[in-house]
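Notes for the structure review
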Amino acid sequence: MTSTHTPAHPLSGLGWTDDRAAAFTPLAEAGLLPGRITRIDRGSCEVLYADPETGEAAVLRADTRPVMSGDTVQNPCTGDWIALDPHARPVPAVTAVLPRTTAIVRKSAHKRSEGQVLAANVDTVLIAVSLAADPDLGRVERFLALAWESGAEPLIVLTKSDLVHDGAFVRADVEAVAPGVTVLTVSAETGEGIDVLRALATGSCALIGQSGAGKSTLTNALAGTDAMTVQQVRSVDEKGRHTTTTRELVPLPGGGAVIDTPGLRGVGLFGGEGVDQAFADIAAVAADCRFADCSHRSEPGCAVRTALADGTLSERRWESYLKLQKENAFIASRADARLRAERSRHWKTVTKSARLARSAPKP
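A brief report on the enclosed structure follows. Note that the structure is predicted; figures quoted are calculated from it, not measured. (Residues numbered from 1 in each chain as written. Predicted model: local features only at pLDDT ≥ 70, side-chain atom pairs only at ≥ 80, totals over all residues. Heavy atoms only, no water.)

**Side note on the nonpolar core**
Counted only if it meets this: Joining through side-chain atoms within 4.5 Å is the link that ties buried Ala, Val, Leu, Ile, Met, Phe, Trp, Tyr and Cys residues into a set, and such a set is a nonpolar core. With a 1.4 Å probe rolled over the protein chains alone, any residue whose accessible area is under 20% of its type maximum counts as buried; one over 50% counts as exposed, and the rest are partly exposed.
Core analysis: the biggest nonpolar cluster contains 56 residues, and I104, V122, V125, I127, L144, I156 and I208 have the highest contact counts within it. Of all hydrophobic cores here, the second largest spans 19 residues; its members include L126, V186, L218 and A221.

**Some thoughts on the packing of aromatic side chains**
The following threshold applies: Ring pairs shown here join Phe, Tyr and Trp side chains whose ring centres sit within 6.5 Å, with only the six-membered ring taken for Trp; geometry is labelled stacked below 30 degrees between planes, edge-to-face above 60, and tilted in between. Helix and strand labels come from DSSP, where a helix needs a run of H or I of at least four residues and a strand needs a run of E of at least two; each type is numbered from the N terminus.
In the structure shown here, the tally under the stated rule is 4 aromatic pairs. Measuring from centroid to centroid gives 5.1 Å for W16 and W81, while their planes differ by 50°, and the two rings are tilted. In this pair, W16 sits in the segment before helix 1 (18-29) while W81 sits in strand 4 (residues 81-85), placing the two residues 65 residues apart along the sequence. Note on accessibility: W16 and W81 belong to one class, buried. Seen from their ring centres, F279 and Y321 are 5.3 Å apart, and the 55° between their planes marks the pair as tilted. In this pair, F279 is assigned in the loop between helix 6 (273-278) and helix 7 (280-286) and Y321 in helix 9 (residues 315-359), connecting sequence segments 42 residues apart. Each member of the pair, F279 as well as Y321, is classed as buried. Taken together through their ring pairs, the aromatic side chains of W16, F24 and W81 make up a single cluster.

**Things to note about the pattern of salt bridges**
Note the cut-off: The working definition used for a salt bridge is a side-chain nitrogen of Lys or Arg within 4 Å of a carboxyl oxygen of Asp or Glu.
Enumeration according to the criterion identifies 12 salt bridges in this entry. Residue E327 pairs with R142 through a salt bridge whose shortest N-O separation is 2.4 Å. You can see E327 sitting in helix 9 and its partner R142 sitting in helix 2 (residues 137-150), a full 185 residues away along the chain. For E327, a relative accessible area of 25% gives the class partly exposed. By relative accessible area, which is 16% here, R142 ends up buried. The residue D195 makes a salt bridge to R198 at a minimum N-O spacing of 3.0 Å. Within this pair, D195 and its partner R198 are both found in helix 4 (residues 194-200), separated by 3 residues, close to a single helical turn. Here D195 falls in the exposed class, since its relative accessible area comes to 58%. Judged by its relative accessible area of 38%, R198 falls in the partly exposed class. Taken together, the shared-partner salt bridges connect R39, D41, E46, R61 and E248 into one network.

What follows is the structure, given as structure tokens:
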């Protein structure tokens, strides 16, 4: 009896699943091909797709302009699964961005209330924190909120452990502000923790963190090649240059992928649920307050004030939580105002069109 074997899809190692294939069926019937964006440039991108002639994965450059819109969050980004028209002229083109399972979205660097997608469709967010300098715990909390908001699982990677002798103490401090999150200590120089990181970073993952945290070095360690350029940090203040200037997806030898991202100076949040998850310990304390609507200021029986008084909850962490909540409330109000303005412009256009239609001469 002859057995039949259906070969795996060339992109299955990058996360192409039967469910995605089934949802893509109408697009495939229209002659489009699935692909995953590995790099975004102005007006174009690099796409990893299954070449129908060879049946193997291949890379080509495609035009992204057909799917660009005024909503920056919906525009294509690294990690997106897309529909590709390989026969478009003058160059192949992206015709649709498939629904995302996860997305790391931060507030854009300018003052407008828009989001910037750093990476899409990742299973794990690796937060790189260098042990070569004193970690900024408030910034770690911001990165955690960003990661939780994405829908992916955060994992903190303390890098450059070969450069310090008190790594265990720093790890304890970081673990204290990361309830429920794995904190791993690694050294790309000595290999410490790299095998464990490979075992935990399955599927697709994205690396975020400040410049000089060793993200590109970790990418190379996971990929087993010098996929990303690495520069030395300044010895004066342990700050790094922006070696990585764009977000780039690197396939991993055993399956999966890692998306290296440029160092983040600002970590503006673009959502509220991530903060609640990053500060789950505070929510647990607040649940014991006498009143369900306790403002944690002067009410009797406030468990938060009690925890602050006895040191169970640090003032620094509480102030960090309040600051992020305030920022999120401001972003939400700005976003609501922008949506109201867009709706107003839309209805003005509709009303104007209707008025013109009424005033047009009858045939």
